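Remarks on the overall topology
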Amino acid sequence: AQKVTQAQTEISVVEKEDVTLDCVYETRDTTYYLFWYKQPPSGELVFLIRRNSFDEQNEISGRYSWNFQKSTSSFNFTITASQVVDSAVYFCALSEYTTSGTYKYIFGTGTRLKVLA
Amino acid sequence: EAGVAQSPRYKIIEKRQSVAFWCNPISGHATLYWYQQILGQGPKLLIQFQNNGVVDDSQLPKDRFSAERLKGVDSTLKIQPAKLEDSAVYLCASSLNRAPKETQYFGPGTRLLVL
């Protein structure tokens, strides 16, 4: 079963529009962490936010905001007043405990965001 | 603070050839990861090191892939012999330690094309 689902493969918006990227996860752990990363065309994954399972407060950072809802196992990401520089692939990830006694990230398949001028 | 460094950035080889990638993590980071990212997919963990020891290599195709982190700092990932399906971006990441809350910081990746 897929652990992190990003159902939106690609989204196109016009500059200044708001856009929400969806992330749904599945885990049996009671303690877990969720992350969002941005991957611009240069290829490097850029860390955006980390959220732990006990903190359901929404977070806002400039034009970015995140809505974490344990009841629906979702961790959605909204960009307000999008800009061309926001064009990238965005990945949601879940930090999951493994049988080898460590933790690893499980990434979704990513959502490609295109912001048109 | 310097980020994660990787080289080369691009590599084109013929199938059955060998290739090696290098990674230098952020200074002080004990945990180092190698990921494979196939076009259109999310990164998939290949191997995880804690200092110079392997803590998870369950998804590493050990018949052709190998990795080492001999002095607990930089690391190399090798493919021998390469197959067409190995064409991907190989990402290196590091974190301060191995715990669920630790944020992983990624390098720019090595884009490999196997012909």
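Note that this is a predicted model, so its numbers are computed, not measured.

Description of the overall build of chain A
Secondary structure assignment for chain A yields zero helices and 12 strands. Reading chain A from its N end, one meets helices and strands in the order β-β-β-β-β-β-β-β-β-β-β-β. Whereas a compact globule of 117 residues would reach a radius of gyration of roughly 13 Å, chain A reaches 14 Å, a difference of no more than 12%. Structurally, chain A occupies a C-alpha span of about 45 × 30 × 20 Å along its principal axes. Evaluated residue by residue, chain A yields a buried proportion of 45% over its 117 residues. If you take every contact in chain A between residues at least 6 apart in sequence, the share linking residues at least 24 apart comes to 53%. About 5800 Å² of surface is accessible on chain A, with carbon and sulfur atoms providing 48% of the total. Distance between charge centres in chain A, computed from 11 positive and 13 negative side chains, equals 4 Å.

Concerning the state of the cysteines
Counted under the stated rule, the structure contains two disulfides over all chains. Here A:Cys23 pairs with A:Cys92 through a disulfide, and the sulfurs are 2.0 Å apart. Every disulfide takes its handedness from the sign of the S-S torsion; for A:Cys23 and A:Cys92 that torsion is -65°, giving left-handed. With A:Cys23 in the loop between β3 (19-21) and β4 (24-25) and A:Cys92 in strand β10 (residues 88-97), the pair connects residues that are 69 residues apart, well separated along the chain. For B:Cys23, the disulfide goes to B:Cys92, at an S-S distance of 1.9 Å. Residues B:Cys23 and B:Cys92 are joined by a disulfide whose S-S torsion is about -70°; by sign, that bridge is left-handed. Within this pair, whereas B:Cys23 is found in strand β3 (residues 19-24), its partner B:Cys92 is found in strand β9 (residues 88-95), the two being separated by 69 residues in sequence. Owing to a relative accessible area of 0%, B:Cys92 belongs among the buried residues under this scheme.

A look at the sheet that holds strand β1 (residues 5-7) of chain B
Residues and elements named next belong to chain B. Read from one edge of the open sheet, four strands run β1-β3-β8-β7, paired in antiparallel fashion. Across the chains shown, the open sheet's two edge strands, defined by having one partner strand only, are β1 and β7 (65-68). The sheet shows a mean angle of 15° between the axes of neighbouring strands, direction not considered. Inspection of the sheet shows β1 paired to β3 by three bridges, in the antiparallel sense. Its bridge partner lying in β3, glutamine 6 is registered against cysteine 23.

Section: empty space enclosed by the protein
Tallying each qualifying case throughout the model produces two cavities of 30 Å³ or more. For the largest cavity, the calculated volume is near 40 Å³. Together, A:Ser42, B:Arg9, B:Tyr10, B:Val89, B:Pro108, B:Gly109 and B:Arg111 line the largest cavity. The class makeup of the residues in the lining of the largest cavity is three nonpolar, two polar and two charged. Looking at the second largest cavity, the residues that line it are A:Ser95, A:Tyr103, A:Tyr105, B:Tyr33, B:Ala99, B:Glu102 and B:Gln104. Taken together, the residues that form the lining of the second largest cavity break down as four nonpolar, two polar and one charged.

Considerations on the side chain of A:Lys38
All names here are of chain A. Here lysine 38 shows up in strand β5 (residues 33-39). Despite being buried, lysine 38 has no salt bridge partner; aspartate 86 is the closest side chain of opposite charge, sitting 4.6 Å away. Here lysine 38 is in contact with Glu44, Leu45, Val46, Leu48, Tyr64, Val85, Asp86, Ala88, Val89 and Tyr90, once residues within four sequence places are set aside.

Focus on the layout of surface pockets
If a probe the size of a water molecule is rolled over the atoms, the empty space left behind becomes visible. Each pocket or cavity is described by its volume, and for the largest pocket that value is around 510 Å³. When residues of the lining of the largest pocket are traced back to their parent elements, those giving at least two are β10 and β12 (111-116) of chain A together with β9 of chain B. By residue number, the principal contributor to the lining of the largest pocket is β12(A), which donates four residues. Residue composition of the lining of the largest pocket, grouped by class: 10 nonpolar, 11 polar and four charged. Each pocket or cavity is described by its volume, and for the second largest pocket that value is around 310 Å³.

Rules used throughout
Residues numbered from 1 in each chain as written. Chains lettered and ligands numbered in written order. Predicted model: local features only at pLDDT ≥ 70, side-chain atom pairs only at ≥ 80, totals over all residues. Heavy atoms only, no water. Helix = DSSP H or I, 4+ residues; strand = E, 2+ residues; numbered from the N terminus. Rg over C-alpha atoms; globule rule 2.2 N^0.38 Å. Buried < 20%, exposed > 50% of the residue type's maximum accessible area, 1.4 Å probe, protein only. Contact = heavy atoms within 4.5 Å. Areas by Shrake-Rupley, 256 points an atom, 1.4 Å probe, with all protein chains shown as cover. Lys, Arg positive; Asp, Glu negative; His and termini not counted. Charge placed at Lys NZ, Arg CZ, Asp CG, Glu CD. Disulfide = S-S within 2.5 Å. Pairing = 2+ DSSP bridges. Axes fitted to C-alpha atoms, helices over the stretch in contact; angles between N-to-C directions. 1 Å grid on protein atoms, 1.4 Å probe; cavity = no way out; pocket = protein on both sides within 12 Å on 5 of 7 lines; lining within 4 Å. Points joined across faces, edges and corners; volume = space filled by probe spheres on them. Nonpolar A, V, L, I, M, F, W, Y, C, P; charged D, E, K, R; others polar. Salt bridge = Lys/Arg side-chain N within 4 Å of Asp/Glu carboxyl O.

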